[in-house]
Amino acid sequence: MKLHWKIIIGLVLGIVYGVVAATYGWGGFTSDWIAPFGIVFINLLKLIAIPLVISSLVTGVASLSDLKKLSRIGGKTIAIYVTTTAVAVTIGLVVVNTLRPGDRVPVEMQQQLQETYEQDVENREEAAEGVKDRGPLQPVVDMVPSNFFGAASNNRNMLQVVFVAIFIGVGLIQVPKEKADAVLSVFDGFNHVIIRMVDVIMLMAPLGVFSLISNTITTVAQDNISQVVELLGALGFYCIAVISGLLIHMVVTYTSVLKIFSSMPLGNFYRGIAPAQLVAFSTSSSGATLPVTMERCEEKLGVSEEVSSFVLPLGATINMDGTALYQEVAAVFIAQTLGMELGIAAQLTIVLTAVLASIGTAAVPGAGVIMLVIILEAIGVPSAGIALILGVDRILDMLRTVTNVTGDASVAVSVASTENQLGEVNLDEASDKARASAD
Ligand code: ASP
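So, here's what we can say about the structure. The model shown is predicted, which means the values in this text are computed figures rather than measured ones.

## A look at the overall build of the protein chain
Thought 1: From N to C terminus, the protein chain includes 21 helices and 0 strands.
Thought 2: With the C-alpha coordinates of the protein chain rotated into their principal frame, the extents come out at 75 × 50 × 40 Å.
Thought 3: For the protein chain, the proportion of its 439 residues judged to be buried stands at 55%.
Thought 4: Partitioning the intrachain contacts of the protein chain with sequence separation of at least 6 by distance along the chain shows that 85% fall at a separation of at least 24.
Thought 5: Entry remark: accessible area of the protein chain is about 18400 Å², with carbon and sulfur atoms responsible for 66%.

Written as structure tokens, this is what we have:
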């Protein structure tokens, strides 16, 4: 059976179990006996993310014949990333202004939400405070670590690790071949080992996904599933606005990107990337999903290591189309609910800040809502308004993370194709074993 089917079965069983557990109040049992498998699964993925990025990026950069190629690939990647994010925000803008979900929230529900999430709002506001105090060039400073081991000790420092790995790769190009070869073969060998480790970890994916989903459901429902149903009813139009925006973006924008830059059939693309999308859905973290995205793009979709090792870690950190779209819809929704009409200037400010905020959003669950606080403050909407959307945020987080990961993968395929570095698509799972022994 194909891996994605096994994961889908884990997902469906997890949803069924989660709903039953939330209905019968098995939250405690679930968090004690089921959730740990999900945590182990996420930890395994996070464990190999930094070693994978270092080994594949060093080998990737060192195999470039000249540095001009690196800047060309970099330029293209960033241009497509920023353009697709701007398109995503624009889609969000149109959808939220057309559906006007904020006009449909009952007043009693508004008050209830504000009261329930008061404390949560404070936590998010504090987190946003830390981000806001930074100077305009702080992201550049943040990219250059003063200690390599310090950088590699936290998955949040992915951009620093990317910087160091590129730097080592650049150094390797410039030393005599016989010196470079010894170092390179270590990184190259290491890289093969880690890709194999991803295959091993993915054997656990169906169980990991089952556990993550069921635990998410019981945590969100807090042993009271009817509360979630009620919340979804009140915020239904808001959810529909975000979800339809994400769908339009996936169907229209990514299809166009793939069609314009590559000749890969859509079916192949989605079949290849499906396990990464399912892991993104259940972990809500593009950072944790990164090893799977890289493995699928390289081994299944034929993206060269040179391109994938550069485009994907960068994408996981700065390219968040789903998050940008959601931030746009959420900001306008909150303003609409609070009865504040946003003029064209405020709407344009949201577009711009949402593109920037999504770039600054960490690739972890719930990070998007922290940056939303900053957007709201930029347009003068009280940030306490996020109380209105926190109840359904986890569900939307899962979906926007899928969009983020799909965006990264479609850009990796496109860039590889324009660089003539897109090999054969290989969707045969059995070939994994054959390849492993050949390696
Ligand atoms: N969870 C998202 C991601 O990791 C970020 C967010 O929008 O909260 O891609």
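## A look at a nonpolar patch on the surface
Thought 1: Taken together, the side chains of Ile-78, Val-82, Leu-352, Leu-356 and Ile-359 make up a nonpolar region of the molecular surface, amounting to roughly 440 Å² of accessible area.
Thought 2: Sorting the residues of the nonpolar patch by element identifies helix 3 (67-99) and helix 17 (344-360) as the ones contributing at least two each.
Thought 3: The class of Leu-352 is exposed, set by a relative accessible area of 58%.

## Digging into the side chain of Gln-277
Thought 1: One can find Gln-277 in helix 13 (residues 266-283).
Thought 2: Apart from residues no more than four positions distant in its own chain, Gln-277 is found in contact with Met-250, Tyr-270, Val-402 and Thr-406.

## Considering the pattern of salt bridges
Thought 1: Summed over all chains, the structure comprises 10 salt bridges.
Thought 2: Between Lys-69 and Glu-306 there is a salt bridge, and its shortest N-O distance comes to 3.4 Å. With Lys-69 in helix 3 and Glu-306 in helix 15 (residues 305-318), this pair connects stretches of sequence that are 237 residues apart.
Thought 3: The exposure class of Glu-306 is buried, given its relative accessible area of 15%.
Thought 4: As a salt-bridge pair, Glu-299 and Arg-196 come within 3.7 Å of each other at their nearest N and O atoms. Placement of the pair is Glu-299 in helix 14 (residues 286-300) and Arg-196 in helix 9 (residues 177-203), with a sequence separation of 103 residues.
Thought 5: On the basis of relative accessible area, Arg-196 is assigned to the buried category, the value being 18%.
Thought 6: Within the structure, one salt-bridge network assembled from shared partners comprises Arg-72, Lys-76 and Glu-419.

## Notes on the packing of aromatic side chains
Thought 1: Enumeration according to the criterion identifies 7 aromatic pairs in this entry.
Thought 2: Relative to Phe-333, the ring of Tyr-238 lies with its centre 4.5 Å away and its plane at 25°, an arrangement referred to as stacked. Linking Tyr-238 in helix 12 (residues 236-261) with Phe-333 in helix 16 (residues 321-337), this pair joins segments that are 95 residues apart in sequence. Accessibility assignment for this pair places Tyr-238 and Phe-333 in one class, buried.
Thought 3: Pairing Phe-269 with Tyr-270 gives two aromatic rings, centres 5.1 Å apart and planes at 80°, and the pair type is edge-to-face.

The rules behind each value
- Residues numbered from 1 in each chain as written.
- Predicted model: local features only at pLDDT ≥ 70, side-chain atom pairs only at ≥ 80, totals over all residues.
- Heavy atoms only, no water.
- Helix = DSSP H or I, 4+ residues; strand = E, 2+ residues; numbered from the N terminus.
- Buried < 20%, exposed > 50% of the residue type's maximum accessible area, 1.4 Å probe, protein only.
- Contact = heavy atoms within 4.5 Å.
- Areas by Shrake-Rupley, 256 points an atom, 1.4 Å probe, with all protein chains shown as cover.
- Patch = residues over 30% accessible without salt bridge, like charges linked within 9 Å, V, L, I, M, F, W, Y side chains within 5 Å.
- Salt bridge = Lys/Arg side-chain N within 4 Å of Asp/Glu carboxyl O.
- Phe/Tyr/Trp six-rings, centres within 6.5 Å; stacked < 30°, edge-to-face > 60°.

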